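What the coordinates show
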Amino acid sequence: MSTFLLIHGAWHGGWCWRKVAPLLEANGHKVLAPDLPGHGEDKIPTASVTLQKYADRTCEIAGKQSEPVILVGHSMGGVVITQAAENCPGNVRALVYLCAFLPRNGDSLATWASLDPATMVNPSTLDIRPDGSSVFKPQSAREAFYLQCSDEDVAFAQSRLVPQAGVPTTTPVVTTPERWGRIPRYYIECLRDRALTPTVQRAMQKESFCRRTFSVDTDHSPFFSAPEQLTEILQQIAP
């Protein structure tokens, strides 16, 4: 059995894994789904959040486990797990990018987001605050993130979205072949994704080799819309 460390994406919190975590645990795995700094129950000021703080939190949790973790990042979480794996590679067994940003050395999230003209994460769906953080407009959340999710899940998620700090999205990752580069990588594509479109998901994979790619016919939130299928894929990745 394996230890999974599940890292959420922008505006979200560890709560987004509430359907997947029990399914993995029922199959004997240990599952950790923390809130990143400034998200969920972590109340540090949004304006003080950085990519380094995200990566430090991830490495801190991974380092406390009895074995290297399978590090799963959703959406923005892909940038987080990339930098964390570079910083503490000995604590990471595998990297799983779930419709996530897969940056090269020197890339930021914004590097690839700027190449996705069809994304529904854009100035029309965001309210930008003076401190550079952004609030996702509730009326746009279903179409962007939760198109195939139940009304119950959409309401649950919308009520928990928080402002997203801008700094982590524009900070480039720093990685090396000897550290991040040696960890096995897997990608899970979401074919109906309107937040990070399949075209860009595949473009990133061409630039950063992944050992295996899985495709699911879902929206940007398969942890809600297809939790059983997502769990089956994660179990295939677990050694």
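A brief report on the enclosed structure follows.

1. Observations regarding helix α3 (residues 77-87)
Counting buried positions along α3 yields ten of eleven residues, so the element is predominantly enclosed. Considered for burial, the residues of α3 that qualify are Gly 77, Gly 78, Val 79, Val 80, Ile 81, Thr 82, Gln 83, Ala 84, Ala 85 and Glu 86. Residues of α3 that are buried sit in contact with β1 (3-7), α2 (51-63), β3 (69-74), β4 (92-98) and α4 (109-113).

2. Looking at the side chain of Ser 133
Inspection of the secondary structure assignment puts Ser 133 in the loop between β5 (126-128) and β6 (134-136). Relative accessible area serves as the criterion here: at 2%, Ser 133 is assigned to the buried category. Polar contacts involving the side chain of Ser 133 include one to the side chain of Asp 131, which spans 2.6 Å. The residues touching Ser 133, leaving out its near neighbours within four places in the chain, are Thr 46, Asp 127, Ile 128, Pro 163, Gln 164, Ala 165 and Gly 166.

3. A look at the sheet that holds strand β2 (residues 30-32)
Strand pairing in a sheet takes place through backbone hydrogen bonds and is either antiparallel or parallel in direction. With parallel pairing, the six strands of this open sheet are ordered in space as β2-β1-β3-β4-β7-β8. Because the sheet does not close on itself, it has two edges, and the strands there are β2 and β8 (212-216). Strand-to-strand twist of the sheet, defined as the mean angle between neighbouring strand axes without regard to direction, takes the value 20°. Where strand β7 (residues 185-190) lies against β8, five bridges are found, and the strand directions are parallel. Note on β8: the bridge partner recorded for Tyr 186 is Arg 212. Packing against the sheet, α3 makes contact with β1, β3 and β4, and its axis sits at approximately 145° to β3. Set on the sheet, helix α10 (residues 227-237) makes contact with β1, β3, β4, β7 and β8; between it and β8 the angle comes to about 170°.

4. Here we look at the pairing of β7
Counting buried positions along β7 gives six out of six residues, so the element sits mostly inside the fold. Residues Arg 185, Tyr 187 and Glu 189 point to one face of β7 and Tyr 186, Ile 188 and Cys 190 to the other, with burial holding for every one of them. As a crossover connection, the stretch from β7 through helix α8 (residues 198-207) into β8 is right-handed.

5. Brief notes about α8
In an α-helix there are 3.6 residues to a turn, and that puts residues three or four apart on one side. For α8, the set of buried residues is Pro 198, Val 200, Gln 201, Met 204 and Gln 205. The buried residues of α8 all sit within an arc of 165° when viewed along its axis, so they share a single face. For α8, the exposed residues lying more than 90 degrees away from the buried face are Thr 199 and Lys 206. Those residues of α8 hidden inside the fold are in contact with α4, β7 and β8.

6. Topic: the packing of helix α5 (residues 138-145) against helix α6 (residues 151-158)
Between α5 and α6, the least distance of the axes is 10 Å, while the angle of their chain directions is 125°. By the angle between their directions, the pair α5 and α6 is classed as oblique. In this structure, the crossing between α5 and α6 has a hand that is right-handed. Where α5 abuts α6, its residues Pro 138, Ala 141 and Arg 142 lie against Asp 151, Val 154 and Gln 158.

7. Structural notes on the state of the cysteines
In total, this model carries one disulfide according to the counting rule given. Here Cys 59 pairs with Cys 88 through a disulfide, and the sulfurs are 2.2 Å apart. Taking the sign of the S-S torsion, about -90° here, the bridge from Cys 59 to Cys 88 comes out left-handed. On the criterion of sequence distance, the pair formed by Cys 59 in helix α2 and Cys 88 in the loop between α3 and β4 is long-range, its members being 29 residues apart.

8. Topic: the pattern of salt bridges
A complete count under the given rule lists twelve salt bridges for this structure. Taking the shortest distance from any N to any O, the salt bridge between Glu 60 and Lys 64 comes out at 3.6 Å. In this structure, Asp 151 and Arg 142 form a salt bridge, with 2.4 Å as the shortest nitrogen-oxygen distance. We classify Asp 151 as exposed; its relative accessible area is 59%. On the basis of relative accessible area, Arg 142 is assigned to the partly exposed category, the value being 29%. Among the ionic contacts, a cluster of salt bridges with common partners joins Arg 18, Lys 19 and Asp 153.

9. Describing the pairing of β1
Counting buried positions over the five residues of β1 gives five, a clear majority of the element. Residues Thr 3, Leu 5 and Ile 7 point to one face of β1 and Phe 4 and Leu 6 to the other, with burial holding for every one of them. With respect to chirality, the unit in which β1 leads through helix α1 (residues 20-26) into the neighbouring parallel β2 is right-handed. The pairing of β1 with β3 spans four bridges and is parallel. Within the sheet, the bridge partner assigned to Leu 5 lies in β3 and is Leu 71.

Rules of the game
Residues numbered from 1 in each chain as written. Predicted model: local features only at pLDDT ≥ 70, side-chain atom pairs only at ≥ 80, totals over all residues. Heavy atoms only, no water. Buried < 20%, exposed > 50% of the residue type's maximum accessible area, 1.4 Å probe, protein only. Helix = DSSP H or I, 4+ residues; strand = E, 2+ residues; numbered from the N terminus. Contact = heavy atoms within 4.5 Å. Polar contact = N/O pair within 3.5 Å; in protein donor to acceptor, adjacent residues only side chain to side chain. Pairing = 2+ DSSP bridges. Axes fitted to C-alpha atoms, helices over the stretch in contact; angles between N-to-C directions. Right-handed = clockwise from strand over helix to strand, strands pointing away. Arc of directions from axis to C-beta. Parallel < 35°, antiparallel > 145°, perpendicular 65-115°, else oblique. Left-handed = near helix turned anticlockwise from the far one by under 90°. Disulfide = S-S within 2.5 Å. Salt bridge = Lys/Arg side-chain N within 4 Å of Asp/Glu carboxyl O.

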